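Residue strings, one per chain:
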Amino acid sequence: MPHSFPKHRPGGPPAKRLGGGALLSRRLPSVPKSDGMNSPLLSLGASVKAVRGVGPGLSQHLTRLGLHTVEDLAQHYPTAHEDRRHIVPIGQLLDGDWAAIEGEVRQVREKAPNRKLQIVEATVCDPSGCIVLTFFNQPHVKHQLSGSLRAYGKVERKIGQMLQMNGPDMERVSDKPSALFGRLVPVYPLTQGIVQRVMRRIVVEVLRALPPVPEVVSEDIRQRYRLMPRRRAIVQLHYPAATDTLAAAQRTLAFEEFFVQQIGVRLKRMGRAVQPRLTFYPNLDVVDPFEALLPFPPTGAQRRAFQDVLKDLRAPHPMARLVQGDVGCGKTVVAAFAACCAVWNGCQAAVMAPTEILAGQHAQKLSGLLPGIRVGLLMGSLRTKEKAQVQKDIASGAIQVVVGTHALIQEAVRFDRLGLVVVDEQHKFGVVQRTRLWEKGDAPDLLVMTATPIPRTLSLTTYGDLDCTIIDELPPGRTPVKTHHIGSNRLDGAYKWIREQVREGRQAYVVCPLIEESEKLELASAQQVFAHLRDEVFPELRLALLHGRQKADEKEAVMGQFRSGDFDVLVSTTVIEVGVDVPNATVMLIRDADRFGLAQLHQLRGRVGRGAHRSHCILVADPESKNGKERMECLVQSQDGFFVAEEDMRLRGPGDYYGTRQAGFMQLRVADMALHRAELEMAREAAEDVLRHDAGLSHPQWEELRRVVERNFPGSEQHFH
Ligand code: ADP
Ligand code: MG
């Protein structure tokens, strides 16, 4: 759904200069006045067709936006507001301003340069100057172009030309109150078939006929945290009377979303806590025999993780644990430990990884580590016959540990006795996928692993239902990865240096530019880089190419050969981003590094520095913006994944951080973890408090809360009393 964050951008599209003109009004009635007719109140659950002016055609378009009911429309919040409170004298307009003007129409011209284009131009003047308003393919506007009018749009001032505004929003000045001027005007996410003006009109109709809205929070909470009544907050978020009421409305609705989320997550956790463990773990020593299988002694942090897992396994209810640790800290060993426990206890374990390469690598490692345990691999790209065989062996229990990709969550996959679910690199999956795999067992234990350090605020909402183990120690003998940032003009020097590294027996990755828009272009560019390197730069070295379009076994073969040293340089798209482990590779060169996200670069960098030799990460980029330079600098300065993650959040700005919206349990419309940290903390506190006193939400004041939680967290109703 195209909801994004309704932040208040003063001047909508940013205005450089405002306030020069007359303030039309200070406080506005929150819903623009109707033109006489009073609409009868709508009901929240009514279809959008009940709204005045919404016919069958329009309702179809609304459906496409996911808007089915009056309530959906009321909650179709704007992504921004345009500041149209002031009228700016035309003579003061600057190029690039977004501004509202008012003036008399002096002249109207029509042009039709070709059959597809009809242009209407009007010259509008106030005492300070004149401006040309241009309308494209809106022939009907010419009937409105007389007398005095107001317009809002982007100003163009080109040397030697008249001031211009292209395609402005416009209305005639009349005695009727205006919905479009003299106020903050909402900007909505749209869909084909609905223009901004129509969307505004629909929402105004809804707000005028908005019935009382049931409260999600109690009166007590509302007072404690200074929140608005819900109905008022909704109205103010669309048509704020002033900027401070807009901010208060955002706070209120953000709080409420977090509150629902925190209640839901906590109920989920409590639900698991009352679920009895189905598999009983005897009090045997599993740690020593497991450690005896390892080729190295575990780090202190890994040992602590084993203990956390053991404690969970011996508890009366299923484990739900998140293992968080920077790339290369050795989380796989923890997964292997848990898998071992499960198998030794007569259960099956399933390990889900985001890519086929990674799944293959895990399968290989686990079968190497766990002698006598049958490890199977299930991926979408297997041949039908192979897949059927693996599925059969999973169902019969012959395969004890199955590693796989999304293929694991498919309908056809049935387990004999699934006792443990491991989800690796969780940030690549949604909660839904995690849950789907989990549901294949009878309340199995759950171990989630992530290498992407998540700021605390984020983990509260995304992983709020999990206990957390942090692995804060790298295996010994690692030398930190030295990171360099160079301009593309120094690429040749970097290649020369790679050649020297290879001569010393090391291997290198070259990551090709990321082209998000098109996988095809990305492939083409990777092939080009590869050909260039193979034929011109490193003719004497052994090169391989890895990309997302290759078949799984092809990828696996390339990776396998690279791992065993048959290639010196692996040219790759970002398919190697997660988890790949080749200790002898010591150089990671990333082309056009400024196209990647910081967290992603940190992940890529984590592919090297896994052996005893000194490793280097070379970021090749020519960032022009200050922000871009800062991002490169952040990686050069710091190796700490948590620091990088926080910086990423800061530099990307709110609402843009992966996972802030999608990865959590419920969709957030207003709340933004970067912007509303305070509200998140308050909501957490309030949710804890409420459940402490009324774990079943039995008080009538929680009726609406129960409804909303149930909708967002299916299954939670069983906890209500
Ligand atoms: P990640 O946490 O990124 O998934 P891995 O589990 O892939 O990390 O481990 C990275 C590398 O470190 C692997 O080569 C693994 O064999 C090695 N490793 C893990 N634990 C230890 C240890 N205690 N001592 C030495 N090497 C280790
Ligand atoms: Mg890993």
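See the structure printed just above.
Because the structure is predicted, anything quoted here is derived from the model rather than measured.

J.: I tried to follow the overall build of the protein chain on my own but got confused; where do I start?
T.: Secondary structure assignment for the protein chain yields 21 helices and 23 strands. Counting every position in the protein chain, which comprises 721 residues, the buried fraction comes to 57%. Considering only intrachain contacts with a sequence separation of at least 6, the fraction spanning at least 24 residues in the protein chain is 74%. By element, 52% of the accessible surface of the protein chain is carried by carbon and sulfur atoms, the whole surface being about 30900 Å².

J.: What exactly am I supposed to notice about the packing of aromatic side chains here?
T.: Throughout the structure, instances matching the rule amount to 9 aromatic pairs. Ring geometry for Y225 and F255: centres 5.1 Å apart, planes at 35 degrees, overall tilted. Of the two residues, Y225 is situated in the loop between α4 (219–224) and α5 (230–238) and F255 in helix α6 (residues 243–274); the sequence distance between them amounts to 30 residues. F255 carries the same exposure label as Y225, and that label is buried.

J.: Which parts of the structure should I look at to understand the state of the cysteines?
T.: One covalent bond between the sulfur atoms of two cysteine residues makes up a disulfide. Summed over the entire model, instances satisfying the criterion amount to 1 disulfide. C340 provides the cysteine sulfur closest to C341, a residue in no disulfide bond, and the two sulfurs are 6.6 Å apart. Taking the relative accessible area as the measure of exposure, C341 reaches 2% and is therefore buried.

J.: Please clarify how the site of ligand 1 should be interpreted in this entry.
T.: Neighbouring residues of ligand 1: 16 residues in total, closest G328, K331, T332, R478 and D581. C329 has a polar backbone atom sitting 3.5 Å from an oxygen atom of ligand 1. Taken together, the residues that form the shell around ligand 1 break down as 6 nonpolar, 5 polar and 5 charged.

J.: Is there a simple way to think about the pattern of salt bridges in this case?
T.: Once their charged atoms are close, side chains differing in charge can pair, the charge on each being opposite to the other. Evaluated as defined, the whole model comprises 38 salt bridges. For the salt bridge of E110 with K142, the shortest nitrogen-to-oxygen distance reads 3.5 Å. Of the two residues, E110 sits in strand β4 (residues 98–114) while K142 sits in the loop between β6 (129–136) and β7 (148–156), which places them 32 residues apart along the sequence. K142 gets classed as partly exposed once you look at its relative accessible area, which sits at 30%. The residue R321 makes a salt bridge to D308 at a minimum N-O spacing of 3.7 Å. Of this pair, R321 sits in strand β11 (residues 320–325) while D308 sits in helix α8 (residues 300–314), placing them 13 residues apart in sequence. In the salt-bridge network here, residues are joined through shared partners; they are E82, R84, D169, R197 and R200.

J.: Would you explain the sheet that holds strand β15 (residues 418–423) in this entry?
T.: Sheet strands pair by backbone hydrogen bonding; their relative direction is either parallel or antiparallel. Taken together, the 7 strands give an open sheet; going across it, the order is β13-β14-β12-β15-β16-β11-β17, and neighbouring strands pair in parallel fashion. In the strand order of this sheet, the two ends are held by β13 (375–378) and β17 (467–471), each with one partner. Strand-to-strand, the axes of this sheet are offset by a mean angle of 20 degrees, without reference to chain direction. Packed on one face of the sheet, α8 meets β11, β16 (445–450) and β17 and runs near 160 degrees to β17. Those strands touched by helix α11 (residues 384–396) are β12 (348–352), β13 and β14 (401–404), and its axis lies near 135 degrees from that of β13.

J.: When you look at the sheet that holds strand β22 (residues 585–590) in this model, what are you seeing that I'm missing?
T.: One open sheet accounts for 6 strands, arranged β18-β23-β22-β19-β21-β20; its pairing is parallel. The sheet is open, and its two edges are formed by β18 (482–486) and β20 (543–546), each paired on a single side. The sheet shows a mean angle of 20 degrees between the axes of neighbouring strands, direction not considered. Of the strand pairs in this sheet, β20 and strand β21 (residues 569–572) are connected by 4 bridges, and their pairing is parallel. Bridged to L546 within β21 is S572. Running over the sheet, helix α14 (residues 491–503) touches β18, β19 (507–511), β21, β22 and β23 (616–620) and is turned about 165 degrees from β22.

J.: Would you explain the environment of R605 in this entry?
T.: Tracing the chain through its elements places R605 in helix α17 (residues 598–605). A sequence separation of 17 residues divides R605 from M588, and the C-alpha atoms of the two residues are 6.5 Å apart. A distance of 2.8 Å separates polar atoms of two side chains, one belonging to R605 and the other to T483.

J.: So what exactly am I meant to see when it comes to the environment of L284 here?
T.: Within the secondary structure, L284 sits in the loop between α6 and α7 (287–293). In this structure L284 comes out as exposed when scored by relative accessible area, which is 57%. Taking the C-alpha atoms as reference points, L284 and C341, 57 residues apart in sequence, are found 9.9 Å from one another.

J.: Would you explain unusual backbone geometry in this entry?
T.: Note: most residues except glycine have negative phi, and most peptide bonds are trans. Non-glycine residue N137 carries a positive phi angle of around 50 degrees. Positionally, N137 belongs in the loop between β6 and β7. Of note, R226 is a non-glycine position whose phi angle comes to about 55 degrees, a positive value. One can find R226 in the loop between α4 and α5.

J.: Is there a simple way to think about the pairing of β23 in this case?
T.: Walk down a regular strand and you will see the side chains alternate between the two sheet faces. Of all 5 residues in β23, 5 are buried; the element is thus mostly enclosed. Covered by surrounding structure in β23 are H616, I618 and V620 together with C617 and L619, the residues of both alternating faces. With 5 bridges connecting them, β18 and β23 associate as parallel partners. Its bridge partner being in β23, T483 is matched across the sheet by C617. Bridge count between β22 and β23: 4 bridges; the pairing is parallel. Paired with M588 across the strands is C617, a residue of β23. In this fold, the crossover linking β22 to β23 by way of α17 has right-handed handedness.

J.: Looking at this structure, I do not really get the pairing of β12. What am I missing?
T.: With respect to burial, β12 is a largely interior element, 5 of its 5 residues being buried. Side-chain alternation along β12 places Q348, A350 and M352 on one buried face and A349 and V351 on a second face that is also buried. Alignment of β12 against β15, held across 5 bridges, turns out to be parallel. Residue pairing across strands places M352 opposite V423, the latter belonging to β15.

J.: Where do I start with α17 in this structure?
T.: Side chains that are three or four residues apart share a direction in an α-helix, a result of its 3.6 residues per turn. Of all 8 residues making up α17, 8 are buried, and the element is well covered by its neighbours. Of all the positions in α17, only L598, A599, Q600, L601, H602, Q603, L604 and R605 are classed as buried.

J.: I'm lost on the nonpolar core in this one. Help?
T.: Soluble globular proteins: nonpolar side chains tend toward being buried together. Counting residues in each nonpolar core, the largest one holds 63 residues, and the members touching the most others are I221, F259 and I263. Of all the secondary structure elements, the ones that give two or more residues to this core are α1 (56–64), α2 (70–74), α3 (196–208), α5, α6, α20 (677–693) and α21 (703–712). In terms of residue count, the dominant contributor to this core is α6 (11 residues). The contact partners of I263, leaving out residues within four places of it in the chain, are A687, V690, L691, L697, L705 and V709.

J.: Would you explain helix α16 (residues 552–563) in this entry?
T.: In this model, α16 (12 residues) spans 16 Å end to end at C-alpha, consistent with the 16 Å of a helix rising 1.5 Å per residue. Every buried residue belonging to α16 is among A552, K555, V558, M559 and F562, and all of these are buried. The buried residues of α16 occupy an angular sector of 130 degrees when the element is viewed end-on, so they sit on one face. Looking at the residues trailing α16, positive phi occurs at G565, about 90 degrees.

Cut-off values and rules
- Residues numbered from 1 in each chain as written.
- Chains lettered and ligands numbered in written order.
- Predicted model: local features only at pLDDT ≥ 70, side-chain atom pairs only at ≥ 80, totals over all residues.
- Heavy atoms only, no water.
- Helix = DSSP H or I, 4+ residues; strand = E, 2+ residues; numbered from the N terminus.
- Buried < 20%, exposed > 50% of the residue type's maximum accessible area, 1.4 Å probe, protein only.
- Contact = heavy atoms within 4.5 Å.
- Areas by Shrake-Rupley, 256 points an atom, 1.4 Å probe, with all protein chains shown as cover.
- Phe/Tyr/Trp six-rings, centres within 6.5 Å; stacked < 30°, edge-to-face > 60°.
- Disulfide = S-S within 2.5 Å.
- Near = heavy atom within 4 Å.
- Polar contact = N/O pair within 3.5 Å; in protein donor to acceptor, adjacent residues only side chain to side chain.
- Nonpolar A, V, L, I, M, F, W, Y, C, P; charged D, E, K, R; others polar.
- Salt bridge = Lys/Arg side-chain N within 4 Å of Asp/Glu carboxyl O.
- Pairing = 2+ DSSP bridges.
- Axes fitted to C-alpha atoms, helices over the stretch in contact; angles between N-to-C directions.
- Right-handed = clockwise from strand over helix to strand, strands pointing away.
- Core = buried A, V, L, I, M, F, W, Y, C linked by side-chain atoms within 4.5 Å.
- Expected span 1.5 Å × (residues − 1).
- Arc of directions from axis to C-beta.

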